[in-house]
Amino acid sequence: MASSSSRRAFKVCSNDKPKERFGISLADATVESVLDKACEKLKLSRRGASLRTRDNTIVDNDDYLLSDDLRPPNNFLLVVPRSQNCETVTDVLVTIERDFGKLNKLFKDDHGKATRELVEYMGQLSVTSPLPSSSLERFKSTAHLEERRDDLDWFSGVDEEYTTKKSYMRSLAEGRIRNYYSVARKFIMRYKDSKVGLILVGVLKEWLTELRKVDHFSGYFDRDDERYRMCDKEGNFKCGGFYNEDGCRYRGNINPYAGLKQRINFSSWNLDHIIEKSRSVLPSLLDAARQVEASKGKLEVNGKYFFDCLFTYRNLKFVETACHDKTEHTDRQCDPSKIVRKTH
């Protein structure tokens, strides 16, 4: 039997009934096991469901699930069924594009089989959100409204502590940056009892000081924050495209301030690390600390370089699902010449 220290407890509810909550406790919890248990408790279909935090951040990795950010009393999780995980027309188009090679081969080899598979494939597509640029969507837009009392529909399912769209959007951005810090902290804590670990903990403290100065970059999603916002003053966000391309080939855009459907769909957009956090940035940070230890005081970790790689848009692109390439970014790695610097 697992020890009580290895168990994690969560409070779960469905997106449709936020006040109907259940407690679950799991040993060696993973995103998959929590979803399995939560869907069983909530009597929801497991297929296509996703986990979200109170601020609607998607929980899609075990490191974040088990981080201190999701310990009581902040262990509330929202289960969003497949039908409410919005898929845009762009998502459908890119899926078709990626699968076209397979379909084309089937047409050449077996026309009848290809036709049947294509019909079945198209039948599985679920387009729940029109293109944001459509005239109908613009007509329905409530982007000009800001207060909860003026746009109750937009705030559906949002905790009552948020009285403006701005305050909620700031919490979303802050939540994502806190997630990145939490992942980095967990990585560093593996080495806390070594000399290298002491160096890394020092860097971690520096980062936290800087993050607090900028309110964990909560301004990224705040349309009124002229210094840090990633959108225009109306709240329109443009997809940055694949990590190795200059722009979005699909011209993706979204305004989460414009309506409930756009706000929900916005949670599927990602801050994509061009130089990958787990595959390159954190391993390079460890390498830097080892170089510093070996230098006997002649070198120090370039904390600013790693801070920028993890938390700023010098290494972040805001992208829709279709442009979020989760394969290894082999052509984008940390610069070895920048990870350490001479001590002053």
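Residues numbered from 1 in each chain as written. Predicted model: local features only at pLDDT ≥ 70, side-chain atom pairs only at ≥ 80, totals over all residues. Heavy atoms only, no water.

## Topic: the overall build of the protein
When helices and strands are tallied, the protein shows ten helices and ten strands. Out of the 344 residues belonging to the protein, those deemed buried represent 47%. Counting only contacts in the protein whose residues sit at least 6 apart along the sequence, the fraction spanning at least 24 positions is 68%. Carbon and sulfur atoms make up 50% of the accessible area of the protein, which amounts to about 18,500 Å² in all. (Helix = DSSP H or I, 4+ residues; strand = E, 2+ residues; numbered from the N terminus. Buried < 20%, exposed > 50% of the residue type's maximum accessible area, 1.4 Å probe, protein only. Contact = heavy atoms within 4.5 Å. Areas by Shrake-Rupley, 256 points an atom, 1.4 Å probe, with all protein chains shown as cover.)

## What to know about the side chain of Asp272
For Asp272, the position within the fold is in strand 7 (residues 270-273). Buried charge Asp272 goes without a salt bridge, the closest partner of opposite sign being Lys317 at 7.5 Å. Contact partners of Asp272, with chain neighbours within four places excluded, come to Tyr243, Asn315, Leu316, Lys317, Val319, His324, Asp325 and His329. (Lys, Arg positive; Asp, Glu negative; His and termini not counted. Salt bridge = Lys/Arg side-chain N within 4 Å of Asp/Glu carboxyl O.)

## Let's talk about the packing of aromatic side chains
Within a pair of aromatic rings, the relevant descriptors are the distance that separates the centres and the angle that separates the planes. Tallied over the full model, the rule gives 18 aromatic pairs. A centroid spacing of 5.2 Å and a plane angle of 45° characterise the contact between Phe221 and Phe318, whose relative ring orientation is tilted. Here Phe318 lies in strand 9 (residues 316-319) and Phe221 lies in the loop between helix 7 (195-213) and strand 5 (237-238), a separation of 97 residues in the sequence. By the burial criterion, Phe221 is buried, and Phe318 matches it. Taking 5.3 Å as the distance between ring centres and 50° as the angle between the ring planes, the aromatic pair formed by Phe266 and Phe318 counts as tilted. With a gap of 52 residues between them, Phe266 in helix 8 (residues 260-266) and Phe318 in strand 9 connect regions that are remote in the sequence. (Phe/Tyr/Trp six-rings, centres within 6.5 Å; stacked < 30°, edge-to-face > 60°.)

## Remarks on helix 9 (residues 277-294)
Taking 1.5 Å per residue as the helical rise, helix 9 with its 18 residues ought to reach 26 Å, and the 24 Å between its terminal C-alpha atoms agrees with that figure. Looking only at helix 9, the buried set comprises Lys277, Ser280, Val281, Leu282, Ser284, Leu285, Leu286, Ala288, Ala289 and Val292. Those residues of helix 9 hidden inside the fold are in contact with helix 6 (165-189), helix 7, strand 7, strand 8 (299-301), helix 10 (303-311) and strand 10 (340-342). Just beyond helix 9, the residue with positive phi is Lys296, at close to 55°. (Expected span 1.5 Å × (residues − 1).)

## Remarks on the layout of surface pockets
One number sums up the size of the second largest pocket: a volume of about 660 Å³. Contributing to the lining of the second largest pocket are 23 residues, with Asp60, Asn61, Tyr180, Lys277 and His324 lying nearest its centre. Contributing elements (two or more residues each) for the lining of the second largest pocket: helix 6, strand 7 and helix 9. (1 Å grid on protein atoms, 1.4 Å probe; cavity = no way out; pocket = protein on both sides within 12 Å on 5 of 7 lines; lining within 4 Å. Points joined across faces, edges and corners; volume = space filled by probe spheres on them.)

## Overview of the sheet that holds strand 3 (residues 50-52)
The strands making up a sheet are joined through hydrogen bonds of the backbone, oriented either antiparallel or parallel. With respect to topology, four strands assemble into an open sheet ordered 2-1-4-3, the strand pairing being mixed. Two strands close off the open sheet at either side, each with one partner strand: strand 2 (22-27) and strand 3. With direction set aside, neighbouring strand axes in the sheet form an average angle of 40°. When strand 1 (residues 7-14) meets strand 4 (residues 76-80), the two strands line up parallel, connected through four bridges. Note on strand 4: the bridge partner recorded for Ser14 is Val79. Across the sheet, helix 1 (residues 31-42) is in contact with strand 1, strand 2, strand 3 and strand 4; its angle to strand 2 comes to roughly 145°. (Pairing = 2+ DSSP bridges. Axes fitted to C-alpha atoms, helices over the stretch in contact; angles between N-to-C directions.)

## Notes on the nonpolar core
Counting residues in each nonpolar core, the largest one holds 62 residues, and the members touching the most others are Trp207, Phe217, Tyr220, Phe221, Leu285, Phe306 and Phe311. Mapped by element, the contributors of at least two residues to this core are helix 6, helix 7, helix 9, helix 10 and strand 9. Sort the elements by how many residues they give to this core and helix 6 lands first, with eleven residues. Excluding residues that lie within four positions of it along the chain, Phe221 makes contacts with Met169, Leu172, Ala173, Arg176, Met230, Phe237, Tyr257, Phe266 and Phe318. If you look at the next biggest cluster of nonpolar residues, it comprises 19 residues, including Ala29, Val34, Ala49 and Leu77. (Core = buried A, V, L, I, M, F, W, Y, C linked by side-chain atoms within 4.5 Å.)

## What about helix 10?
Note: α-helices contain 3.6 residues per turn, so residues at a spacing of three or four share the same orientation. Judged by how many residues are buried, helix 10 sits mostly within the fold: eight of nine residues are covered. Those residues of helix 10 lying buried are Gly303, Tyr305, Phe306, Phe307, Asp308, Cys309, Leu310 and Phe311.

## A closer look at the pattern of salt bridges
Applying the stated criterion across every chain, the model contains 16 salt bridges. Here Arg46 ties to Asp36 by a salt bridge, and the two come within 2.7 Å at their closest N and O atoms. Note that Arg46 is positioned in the loop between helix 1 and strand 3 and Asp36 in helix 1, a separation of ten residues in sequence. In this structure Asp36 comes out as partly exposed when scored by relative accessible area, which is 42%. With a closest N to O distance of 2.8 Å, Asp308 and Lys304 form a salt bridge. Here Asp308 pairs with Lys304, and both are found in helix 10, just four residues apart, close to one helical turn. Given a relative accessible area of 10%, Asp308 falls into the buried group. What makes Lys304 partly exposed here is its relative accessible area of 44%.

Remember that the coordinates give geometry; whether it matters functionally is a separate question.
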